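Coordinate analysis (summary)
Listed below, chain by chain, are the residues.
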Amino acid sequence: MTATVKTKSNSQRVVRSLHAHLIIALALGGLIYILAITGTVAVFNGELQRWEQPYAPEMLTISPEAAAQAAKTVFEGEEVATTHLYINFPRPDLPRTIITTDTQAFFANADGSVGVKEHFPWTQFLLDLHYYLHLPQIFGLTVVGALGAFLLAMSLSGFMAHPRIFRDAFTFRRGAGLLPMVDLHNRLSVWTAPFHISNALTGALLGLASVLAFSIAAFNFDGDLDSVFSPVFGAEPAEIEGHAPLADIAGPLRYMAAEFPDQPLTYFILHDPATAGQHINVIATHTDRLIFGDYYNFDAHGQYQGNVGISDGTIGQQLIGSVYNIHFGNWGGLLVKIAYAIFGVLLSVIIVSGLRIYFLRRSQKGRSAPKLESAWEAVVWGTPMVLVATLLVAVTGIIDGIALVVLFWLGLSITVFASALSANPRAVGYRLRVATATFLLITVAIHGFINASSLFTAAAYPVSIVLIGLASVVLVPLIARSNPTKGSDELVAEHS
Amino acid sequence: MPNLVIQLLAIAVAIAGTWMLQAAWRSAQRSWPKILAGWGLVLASLCIWTYTSAVDKGVALGITAWVVVATLFLCAAAMKSPIRQARPVKKKEATVAVTGAHQITKREIFRHALTVLIIGPLAGLSAMAVSTLLLIVMQALKVEYTAGLATASIVFPLLWGGLAVALAYQRKLLTRLITIFSVGIGSLGFLLIVS
């Protein structure tokens, strides 16, 4: 009797958890999928920036004097006084020195001269899509953060709906019907859970930080937003007006090299340059930690003022300082990045297989929805296709900036709408995959033609080879497949 | 010991732990010694990783390596599994749902819109209010500020996700409304009192 009651309550829990899982997946699966795809590609944003400008000067290190000289030259060339002057130092995945102001950025040569202007429109477009979905910044961040919270909700409801989670952990039925699809979805969800839960949590944390800060400031600091995060990242000194000679830039860099030789520098930030209140932060990485680095502060005369404490301060500082790196996977070199990319692809597979299960179940119940399924297929394969299309036009230099944003969203909307009208999901998937692979190959060809002189540099050929590899991965299964236009009804009939 | 040797040792221990777990979960009889040994080895692997760098990065590297190992075990299990033979299935008479067999009523649209509102913005605002309240309570209990801030930042998305599931889990719209308003208004009330 007790066993029967327990089984009934278990099965009720499974049904209701699945219902919750389905509600969230149907409402937000498409947007979460776009974030998963763009996040996977964004892991390699450094490599992509290099690929977009393969001719830019590269170096493993730069001397303090050369960096200071380049920064001074860029600063003096500004028409309107900048409020911040940055030096981005070379790092393994982006071995370039970049001088940035409020309005522009230039590469520095190793001898301290200023090189070409920095220009990576597609990588910037991709990062903006992943960070904000191209919405206005704080609103976009909040929406993306909310999607992270809903990905957590899907993980939770998925686990609740899975009473034999451990017993089935290695069960995998192969084939093309419903049960193999369920196995694929469940097994990948369980085994990659440490990745997708930590990534959803850190993504949500980054996205929702601003809106939470508003709430904390309102109830705890009389609306003073700066007070919320200043105990973590340090307070901004009061602005002091009045002109002053540009602060010593090389001095702090020499000090860091002498006192902290094992901590590679990532950024030099001069606040309010050439004013009486100018001050300096140098961000240095701690290569054996998860934190993004620590702030080392200097005054305008190059006198060291101490570090903020991300590396050795309170537990809260160290935790918050680790969030960004955990999310973007840039804490362990190329191998960790490759692992993140694989996990990102698997997360995308989990999302796609989840919705496929829904459509297969509908078909089995005689309630197939070919238009809806075609629209979903267009999201699945249309997203990479339109992303590659934007890459193609960005490489040709025809359009950049907001035009890429319009092309992406308009292109994806038209693809989804036209696919829904066709009501043939398999054909939609087939055509979009062919288009994706074709665009990839054309993009690599055009990139090679435009950048012929830099074709065999470390900045260009590795990414080109990976893109050709991706095109092959997409194309080969299609060539091997006999009938690409079969719908899910037929698949259910064949394989269930 | 050079880092590479320690890393290889940690990976070997993770493989042993995963193999043990696989053996335990696949057998018909539940074997607690095997399960505990499996988890113990996985934990030991994470501990070994901490010798390759600081504790935080070591554990992160260990988890990443273990997920890769587990995924490879899963691939191996899938490769060993026979491909299911196609068999005919008794399918209910096919109807295309979108052709209008079921007319969506205004009442249903209202219910769906309200569900989206409850699970989305309302659950989010409630979670934000609870997280802010949590930070204020932790400060009142003399917990160091940045620790409280980190806790509130982590609790906010977890709570939003948890609330979304709890609300979607409810069948009745009224229960959903009662749940969200008790959490939201309750925490907001406390916030106004304590701040």
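Refer to the structure above for everything that follows.
Basis of the calculations
Residues numbered from 1 in each chain as written. Chains lettered and ligands numbered in written order. Predicted model: local features only at pLDDT ≥ 70, side-chain atom pairs only at ≥ 80, totals over all residues. Heavy atoms only, no water. Helix = DSSP H or I, 4+ residues; strand = E, 2+ residues; numbered from the N terminus. Rg over C-alpha atoms; globule rule 2.2 N^0.38 Å. Buried < 20%, exposed > 50% of the residue type's maximum accessible area, 1.4 Å probe, protein only. Contact = heavy atoms within 4.5 Å. Areas by Shrake-Rupley, 256 points an atom, 1.4 Å probe, with all protein chains shown as cover. Lys, Arg positive; Asp, Glu negative; His and termini not counted. Charge placed at Lys NZ, Arg CZ, Asp CG, Glu CD. Buried area = accessible area lost by both parts, 1.4 Å probe. Salt bridge = Lys/Arg side-chain N within 4 Å of Asp/Glu carboxyl O. Polar contact = N/O pair within 3.5 Å; in protein donor to acceptor, adjacent residues only side chain to side chain. Nonpolar A, V, L, I, M, F, W, Y, C, P; charged D, E, K, R; others polar. Pairing = 2+ DSSP bridges.

The subject of this paragraph is the overall build of chain A. Helix and strand counts for chain A come out as 16 helices and eight strands. Against the 2.2 N^0.38 benchmark of 23 Å for 496 residues, chain A shows a C-alpha radius of gyration of 26 Å, consistent with a compact globule. Oriented by its inertia axes, the alpha-carbon framework of chain A measures out at about 80 × 60 × 35 Å. When the 496 residues of chain A are sorted by exposure, 54% land in the buried category. Long-range pairs, those at least 24 residues apart, make up 68% of the contacts in chain A between residues at least 6 apart in sequence. Split by element, the accessible area of chain A, about 21200 Å² in all, is 65% carbon and sulfur. Across chain A, the 28 positively charged side chains and the 34 negatively charged ones have centroids separated by 26 Å.

With that settled, the discussion passes to the interface of chain B and chain A. The partner chain A presents 79 residues to the 78 residues of chain B that form the contact. Here chain B and chain A share an interface that buries about 6600 Å² over both sides, 72% of which is from carbon and sulfur atoms. Counting across the interface, chain B meets chain A through one salt bridge. Taken together, chain B and chain A are joined by 11 residue pairs in polar contact (both at pLDDT 80 or more). Element by element, the count of residues in the side of chain B that touches chain A is highest for helix 5 (residues 145–169) of chain B, at 18 residues. Partitioned by chemical class, the residues of the side of chain B that touches chain A number 48 nonpolar, 18 polar and 12 charged.

Positive phi is not limited to glycine here, since A274 of chain A has a value of about 60°. Tracing the chain through its elements places A274 of chain A in the loop between strand 5 (265–271) and strand 6 (279–284). Backbone geometry at K142 of chain B places phi at a positive 65°, although glycine is not the residue there. Inspection of the secondary structure puts K142 of chain B in the loop between helix 4 (106–140) and helix 5. Residue classification places K142 of chain B among the exposed residues on the basis of a relative accessible area of 74%.

On to the pairing of strand 2 (residues 97–100) of chain A, then. All names here are of chain A. Burial of the side chains of strand 2 extends over both faces: T97 and I99 are buried on one face and I98 and T100 on the other. Bridge analysis of strand 1 (residues 84–88) against strand 2 gives three bridges, and the strand direction is antiparallel. Across the sheet, residue Y86 finds its bridge partner in strand 2, namely T100. Examined bridge by bridge, strand 2 and strand 3 (residues 105–108) share four bridges and lie antiparallel to one another. In the strand pairing of strand 3, I98 is matched with F107. Turn length for the strand 2-strand 3 hairpin, with the two strands adjacent in sequence and antiparallel, is four residues.

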